[in-house]
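Here's the letter readout for the chains.
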Amino acid sequence: AITFWMFLETQSVFATGMIAGIFLVLTGSLGIWFGSLVDHHGKKRMMIASSAASLVCYALALLALWSWPDVRAARVDSVGLWLFVLITMVGVIVGNIRMIALPTLVTLLVPPADHARANGLVGMVSGIGFVTTSAISGYLVAWGGMEATLALAMLFTLLAGVHLLFVRVNEPMRSSADAAPARVDLAGTVRVVGAIPGLFALILFAAFNNFLGGVFMALMDAYGLSLMPVEQWGLLWAVVSVGFILAGALIARTGLGTNPVRTLLLVNLAIWAVAALFTFQSSIPLVAIGCFLWMFLGPYAEAAEQTILQRVVPFDRQGRVFGFAQSIESAASPLTAFLVAPLAQFVFVPFMTDGAGADAIGDWFGRGPERGIALVFILFGTIGVLAALAALRSRSYRLLSQAY
C-alpha cells in the first residue's frame, strides 16, 4: 500500500525503488537477530511480541502522517517523509519474527513425513493473506490514503496478537544450556550450516535469486500502475494471488516429491523463464498470466527450502538458521533495488522513450517509460534462467540432495 501511495503521489520510480531497498535492508540486517530471539525464547511469546511491536510502529506512523505536512504532501526531498516510510517498514519487518517462528513450529508440531504438506498449508494461509491485502490495498489507497491503510493495519495486527493469547503450544522445556544468556551466536550458526554438505550453496543460490528479485520489488508496482489504475492493479493482484492459495493446497495434498532440492531448482528455472517473458509486450492479460504463474510457483520454492532446512538442521538451531538464511538471501536484494530504480529511471526509460532503444526495437517492442521498465525485467529474467540451469549441473546440488 505504501508503495502504491508513493508512486501515485510522486510518479517516481526512484522513490518506489528506495522503499523496496529500505524494506530489504531491514529484512537482511535483522534476520539473524530475529532467529536468535526465536531460538532463545518461547515461539509463541516472540510471535505475540512481534504483533505488539508492529502495532506500536503503525501507531507512530499514523501520528507522523497527521503531524507532518511534508509527509501528507509526499515530498520526496523531505526527511519527514522518509522517516515515515522507515517507521512503517519497521512495523512490517518486525513481523518477520512470526515468519521465522512458524517453520520451527511445523518442525515441533508435525511428524517429519508430513513437513512438506504442512509447509504447503502454511503457504496457502499466507496466500489468503496476500490476496486479502492486495485487494484491500489498492482500494484503501484510492479511498482513504495511508490514514485508512494504517488504521486497518492496526486493527488486524491487534486481532492477530490477541488471537495468539488463546492458542496453546506445548513447547519443550529448555535445558540449562538453552537458559544461558541469549546471544546471536553467528559463528555457531555458520558452523551448523557449513557442516551440512551443499547447504551454503543452497542459501547462496537463494540469495542470487533475491538479487534478481530486487528488480521486481523495485519496479513491479511502477510497471503495473503504468498500465492500469491503482484499484484495478490491487484487484489484479488479488485475483492472481489465488495461484498462491492453489499451490499451497496442491503441496498439502501431493507433497514436493522425493527430492525437494531438485524441486526447488526446477521451480526457480520456471519462475525466471516467466520473468523473462511476461513483459515482452504491453499487455494486461500477459502481465496477469505472468503474475499468476509467479504466485503459483513461489510457494513451491518456499516450501521446498523450508522442508530441506527442517530435515537437515537440528531443531534447537532452526530459528537461527532460518534467520541466517533470511538475512543472507535478503542481503543481495537491497543492492539491486537501490541500483535498478535509478538505472531504470535515468537509463532504460530514456533509452526506450526517445533513445537508441526506441529507434532500434521500438516499432515492435513499443516505446515509452513502461517499455524501459519491461526491458529491465526481460534482461534480469534471462540471467535468472541461466543461473538456475547452472545450479542444476552443480556438485553442491548433488551433495545437498544426498544429505537430504
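Structural notes, computed from the coordinates.

Criteria and cut-off values
- Residues numbered from 1 in each chain as written.
- Predicted model: local features only at pLDDT ≥ 70, side-chain atom pairs only at ≥ 80, totals over all residues.
- Heavy atoms only, no water.
- Salt bridge = Lys/Arg side-chain N within 4 Å of Asp/Glu carboxyl O.
- 1 Å grid on protein atoms, 1.4 Å probe; cavity = no way out; pocket = protein on both sides within 12 Å on 5 of 7 lines; lining within 4 Å.
- Points joined across faces, edges and corners; volume = space filled by probe spheres on them.
- Helix = DSSP H or I, 4+ residues; strand = E, 2+ residues; numbered from the N terminus.
- Nonpolar A, V, L, I, M, F, W, Y, C, P; charged D, E, K, R; others polar.
- Core = buried A, V, L, I, M, F, W, Y, C linked by side-chain atoms within 4.5 Å.
- Buried < 20%, exposed > 50% of the residue type's maximum accessible area, 1.4 Å probe, protein only.
- Contact = heavy atoms within 4.5 Å.
- Phe/Tyr/Trp six-rings, centres within 6.5 Å; stacked < 30°, edge-to-face > 60°.
- Lys NZ or Arg CZ within 6 Å of the ring centre and 35° of its normal.

Considering the pattern of salt bridges
Alright, step 1. According to the stated counting rule, one finds 2 salt bridges in the structure shown.
Alright, step 2. A salt bridge links R367 to D363; the nearest nitrogen and oxygen atoms lie 2.8 Å apart.
Alright, step 3. Taking the shortest distance from any N to any O, the salt bridge between R371 and E370 comes out at 3.3 Å.

A short note on empty space enclosed by the protein
Alright, step 1. Counted by the stated rule, this structure contains 1 cavity of 30 Å³ or more.
Alright, step 2. For the largest cavity, the calculated volume is near 50 Å³.
Alright, step 3. For the lining of the largest cavity, the elements supplying multiple residues, two or more each, are α12 (260–275) and α13 (284–312).
Alright, step 4. Here the lining of the largest cavity is built from residues that sort into 7 nonpolar, 1 polar and no charged.

Side note on the nonpolar core
Alright, step 1. Core analysis: the biggest nonpolar cluster contains 108 residues, and F84, L199, L219, M220, W233 and F377 have the highest contact counts within it.
Alright, step 2. The contacts of F84, once residues within four sequence positions are left out, are I2, W5, A61, A64, L65, V71, M146 and L150.

What to know about the packing of aromatic side chains
Alright, step 1. Evaluation of the coordinates by the stated rule reveals 11 aromatic pairs.
Alright, step 2. Here W5 and F84 contribute two aromatic rings whose centre-to-centre distance is 5.9 Å and whose plane-to-plane angle is 70°, an arrangement assigned as edge-to-face. Of the two residues, W5 sits in helix α1 (residues 2–10) while F84 sits in helix α5 (residues 79–93), which places them 79 residues apart along the sequence.
Alright, step 3. A relative accessible area of 6% places W5 in the buried class.
Alright, step 4. Grouped by ring-pair contacts, the aromatic residues Y223, F278 and F377 constitute a single cluster.
Alright, step 5. A cation over a ring is seen here: R371 above F365, with NZ or CZ 4.5 Å from the ring centre.

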